[in-house]
Amino acid sequence: LKPCCAALAPSSRFALQARMLRLGPGGLQRVQLSTGGSASPTPSAGSPTSGGGGGGGRSGVLTFRSVASQEPESEVVLQAKPKAFATGKAKAKAAARAPVAEDEVEVELGEDEEWEEEQAAIPARAAAPPRGKAPPTPGTAGLKAALLRPSAFATGVGQATARAVPARVAAAPVARKRPVEDEGDEWVRQFEAKWSQAVGDTGGDEFGAEEEEQDGEEPPAPVEPPAKRPRAALTAQSKASPVAARPPAGGAPAGPRQPTGPPPGKASAERRPALAGNDEGDEVLLALLQERPDWASRCTVEPARPGQPQRVTISMAEACLGDDGISDWCKWMERRFQAELPRGAVLTPGKCRFKASSVDFSENKLTVVGVQALCAMLEKFGVRCEVFRLTGNAMGNDGVRAVAKYLTCSVHATAVELNLSRNSKLTGEGIKWLMGNLAMHPAYPVWSSESQRYVPLWVRVENSKVRGEAGYQVLQSLCGTLSCSICLGERSADIKCGPRQCVNVGCCDELKHNCVAHLCSWEAPEGANPLPAPAAHARPLFAPAGRGAPKAPPSGVETPAREEPRIMYEDEDLAVVLKPAGWSCLPQPKGVNPAWSKLKPLARRRQVGELMAQEPAPPLQAWLLLHFGPEPSCEAARDPASDRGIVHRLDVDASGPLLVGKTAKGFEHARKQSSSGLVKDYLALVHGSFATERGECVAPIDTSPYAETKRVRVAGVGQPAVTVWEAIAEYQSMDRTERYTLVHCRMVTLRTHQLRAHMQHLGHPLVGDTLYGDGDVPAFCPRLFLHKYRIGFFNINEEACFESSSLQTAPDLWQALCRLRKVGGMAMMGCGAPGL
């Protein structure tokens, strides 16, 4: 019998209309307890068959014989409190009990009245018929005798929990009536079988032994009156988080309920059996959960499953977190992630370890410092999410920079939806930086397995500074600069754009396009020109050279050995210089004459011609001195200590844009930009074919041998390095003996020779690489096939700048591809790639 029935006083037991379960020949049915007679059973489709609806611990399903009656029934199910000595699986089930329903009924008895009624009930239990025999005749007296029958639940649990008994109302649909079947020995055997099964499931030898002791003929001995449990403590335990509400050892009442977010999921309950053990890692995890129960209730982590990331829920909205608070939370969550990792698992950068349905930090007080700490922690542990919410914080463009770095740290999209609304410091330049990071990235637009299409990232930015006509002009500018497209939301019949689909005509095929984001909360002003339509994703790589086109050599130079550097961007403090192959960027070079800055213009041009014609690779610092040195404000170009303004470098045989500082102020700003992270995209032709269209290489780079060998190596002792790549086109040699792949690479980290070492590590060394390859330079390619395609940075005025140099700015590499045969990849889909 249910222990809660034994715990109630007779008067309260029949005043409370409670529904119990019966097991007859027709199946499991519900009946009503009533003082006025008997009840007719009504089947309940939603009644539980094991464990009770929402109950945890040792609450098995208990049935009893019904009493024939003509009265209709009402549906109420009583649930027992878990046994105090429950362990193992029973504790896990008790901890996972669902929150108490709003219509839950609690009956409390005074201690004296409770004790007197319990003593009065003992003779009645002793007079009850033995198990297996029919109870007395129908009616109130017979029903009382049936309820007072001794059982292990009534004595072992009922007495221990007779202080406050919750009655949970189960919302089950009312099914059609069924006639009451005759109940005989067959019903008794079925009851005993079900009873044994319920006892075994809640299990343990303790429970079975206790039941056998109570099956004897002698009534149980009186026990001391139990201490009444405070109602507030019971309510807190039933409604608080399972971890936070678990009472300490010794039966002490739980403390007041902590503020909680969404109720923890199944994962927390599944984790609890391990926490009851003696494993050191589980003890650490339990200590973490008890250290911050408010955070533990908002952040849940499911146990690991083989081959799958662990499911995570992070709901820290309206948690009043500032930069200090988020720093503490990140430290706490790092320790928890470490404890949650499977035993022996190694934390590898770039690998997805945890997957969250949402990471919500809306309506807090996060500035750039807090957002940087949050994104760094998510990137470190490989956390991917469906929705990333930072609504209503105090982040600005630098905060968006941290978010963009997190979104582009892997070959897989780390988020499908991004919400940055109501961040008052965010401007159009921050939006431009975000779109510039997404453009040309291998992970964006996101491939949707549901629609079998590439879907732009869903972005919500509702901010007065980036809305209206001014915001639309920012979109037009960035689409032209980045050669990308943005969808403002379209509708086709009854279907409209959403986070998992785009109905834009240019996005409705299986080809990868360059529409990188949905900004459906924005609208085009009346009469404004529409944004560019989506086009092939790889087309910007093969676009015309534009400002990066080669210049004519100075007069008197007939056969230059290399091209002259070109200016692609320039302001008062900074410049972007396109370095052709054959120019050295080694620091503090020799052969740079400081007097060149005082030469006349014609003399400077003659000196440039000599540098272009000489056989050894001339230093790029010499050209910078000749070009910027005569200007009075360009002191950085004349200062050898600042390396003539160079803050990052390219290999001698590589080509592409470089950021340099013209003034002392510009040089310091360029150094900060380089340390904060520049956007760097490369094009490389490698040997062989890849098995997949895109991927990433996560391998540490050890630069210690570089000083002696001019090489780096992939080794565990090195610094973390991540390269994300995407196959653009496949080529074949004219004799059909060699295969080559043109790859576009996004550098997540910036290590010396990172791209060359990573491609060699993958088994696809660069064409023409005599340092990391086989040493042979093919006839069709005169040099190392490595070209930096794009660079992104913020200038001193906090304007987002992106400068691209397509493959046509390197004519020797373009001609090399023209000597090969195109056989696959995006090159076959109208992107303008060269080849036969």
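Residues numbered from 1 in each chain as written. Predicted model: local features only at pLDDT ≥ 70, side-chain atom pairs only at ≥ 80, totals over all residues. Heavy atoms only, no water.

Student: What is the right way to look at the state of the cysteines in this model?
Tutor: Linking two cysteines covalently through their sulfur atoms gives a disulfide. Tallied over the entire structure, the rule returns zero disulfides. With no disulfide of its own, Cys375 lies 9.1 Å from the sulfur of Cys330, the closest cysteine sulfur. (Disulfide = S-S within 2.5 Å.)

Student: Teacher, can you tell me more about a negative patch on the surface here?
Tutor: On the surface, Asp735, Glu738, Asp774 and Asp776 cluster together into a patch of negative charge. Relative to the helices and strands, Asp774 is located in the loop between α24 (754-761) and β28 (786-794). (Patch = residues over 30% accessible without salt bridge, like charges linked within 9 Å, V, L, I, M, F, W, Y side chains within 5 Å. Areas by Shrake-Rupley, 256 points an atom, 1.4 Å probe, with all protein chains shown as cover. Salt bridge = Lys/Arg side-chain N within 4 Å of Asp/Glu carboxyl O. Lys, Arg positive; Asp, Glu negative; His and termini not counted. Charge placed at Lys NZ, Arg CZ, Asp CG, Glu CD. Helix = DSSP H or I, 4+ residues; strand = E, 2+ residues; numbered from the N terminus.)

Student: Where do I start with the packing of aromatic side chains in this structure?
Tutor: The tally for this structure, following the rule as stated, stands at twelve aromatic pairs. Note on Trp447 and Tyr454: the rings are 4.9 Å apart at their centroids and 65° apart in plane angle, and the pair reads as edge-to-face. Exposure remark for Trp447: the relative accessible area of 37% places this residue in the partly exposed category. Given a relative accessible area of 7%, Tyr454 falls into the buried group. An aromatic cluster is present here, built from Phe337, Phe354 and Phe381 joined pairwise through their rings. Note that Arg292 overlies the ring of Trp295, its terminal NZ or CZ placed 3.7 Å from the centroid. (Phe/Tyr/Trp six-rings, centres within 6.5 Å; stacked < 30°, edge-to-face > 60°. Buried < 20%, exposed > 50% of the residue type's maximum accessible area, 1.4 Å probe, protein only. Lys NZ or Arg CZ within 6 Å of the ring centre and 35° of its normal.)

Student: Teacher, can you tell me more about the pairing of strand β23 (residues 694-698) here?
Tutor: Walk down a regular strand and you will see the side chains alternate between the two sheet faces. Of the two faces of β23, only the one carrying Gly695 and Cys697 is buried; Arg694, Glu696 and Val698 on the other face are not. Pairing of β23 with strand β26 (residues 722-732), which is carried by five bridges, proceeds in the antiparallel orientation. In the sheet register, Cys697 faces β26, and the bridge partner there is Thr723. (Pairing = 2+ DSSP bridges.)

Student: Mind showing me how you'd approach the side chain of Gln754 here?
Tutor: Relative to the assigned elements, Gln754 resides in helix α24. Take Gln754: its relative accessible area is 1%, and that puts it in the buried class. Here the side chain of Gln754 touches Val722 through a polar contact of 2.9 Å, landing on its backbone oxygen. (Polar contact = N/O pair within 3.5 Å; in protein donor to acceptor, adjacent residues only side chain to side chain.)

Student: How should I be thinking about the environment of Trp596 in this particular structure?
Tutor: Topologically, Trp596 is positioned in the loop between β20 (574-579) and α19 (601-613). With 27 residues separating them along the chain, Trp596 and Trp623 place their C-alpha atoms 9.8 Å apart. If we ignore the near neighbours within four places in the chain, the residues touching Trp596 are Gly591, Arg604, Gln607, Ala622, Leu625 and Leu626. (Contact = heavy atoms within 4.5 Å.)

Student: Which parts of the structure should I look at to understand helix α18 (residues 468-482)?
Tutor: Spacing of three or four residues puts side chains on the same side of an α-helix, whose turn is 3.6 residues. In a regular helix each residue adds 1.5 Å, so 15 residues correspond to 21 Å; α18 covers 21 Å between its end C-alpha atoms and thus fits that length. Those residues of α18 that sit buried are Gly471, Tyr472, Leu475, Leu478, Cys479 and Leu482. The buried residues of α18 occupy one face: seen down the axis, they fall within an arc of 125°. Facing away from the buried side of α18 by over 90 degrees, the exposed positions are Glu469 and Gly480. The elements touched by buried residues of α18 are α17 (428-438), β15 (485-487), β28 and β29 (800-804). Of the residues flanking the end of α18, it is Ser483, one or two places downstream, whose phi is positive at about 55°. (Expected span 1.5 Å × (residues − 1). Arc of directions from axis to C-beta.)

Student: For this particular structure, what's the right way to read a nonpolar patch on the surface?
Tutor: On the surface, Leu511, Met828 and Met829 cluster together to form a nonpolar patch covering roughly 290 Å² of accessible area. Mapped onto the elements of the fold, Met828 is located in the segment after β30 (821-825). By relative accessible area, which is 48% here, Met828 ends up partly exposed.

Student: I would appreciate a short explanation of the environment of Gly609 in the present structure.
Tutor: Tracing the backbone shows Gly609 in helix α19. Judged by its relative accessible area of 3%, Gly609 is buried. Linking Gly609 and Gly556, residues 53 residues apart in sequence, is a C-alpha distance of 7.6 Å. Here Gly609 is in contact with Pro554 and Val557, once residues within four sequence places are set aside.

Student: Explain the sheet that holds strand β18 (residues 515-518) to me, please; I cannot follow it from the model alone.
Tutor: To summarise the sheet geometry, strands pair through backbone hydrogen bonds and adopt either a parallel or an antiparallel arrangement. Pairing within the open sheet is mixed, and its eight strands lie in the order β7-β8-β9-β10-β11-β14-β18-β15. The two strands at the open ends of the sheet, each matched to only one other strand, are β7 (299-301) and β15. When the angles between neighbouring strand axes are averaged without regard to direction, this sheet yields 25°. Bridging between strand β9 (residues 354-360) and strand β10 (residues 383-389) involves six bridges; their strand directions are parallel. Bridged to Val359 within β10 is Phe388. Its contacts with the sheet place helix α16 (residues 397-407) against β10, β11 (417-419) and β14 (457-460), and it is angled at close to 140° to β10. (Axes fitted to C-alpha atoms, helices over the stretch in contact; angles between N-to-C directions.)

Student: I tried to follow the sheet that holds strand β19 (residues 566-570) on my own but got confused; where do I start?
Tutor: In space, the three strands of this open sheet follow the order β19-β20-β21, with antiparallel pairing throughout. Of all strands in the sheet, those with a lone pairing partner are β19 and β21 (656-661), marking the two edges. Averaged over neighbouring strand pairs, the angle between their axes works out to 30° when direction is ignored. Strand direction decides the pairing type here: β19 and β20, joined by four bridges, are antiparallel. Residue pairing in the sheet places Ile567 in a bridge with Val577 of β20. Lying on the sheet, helix α22 (residues 664-676) is in contact with β20 and β21; it crosses β21 at an angle near 130°.

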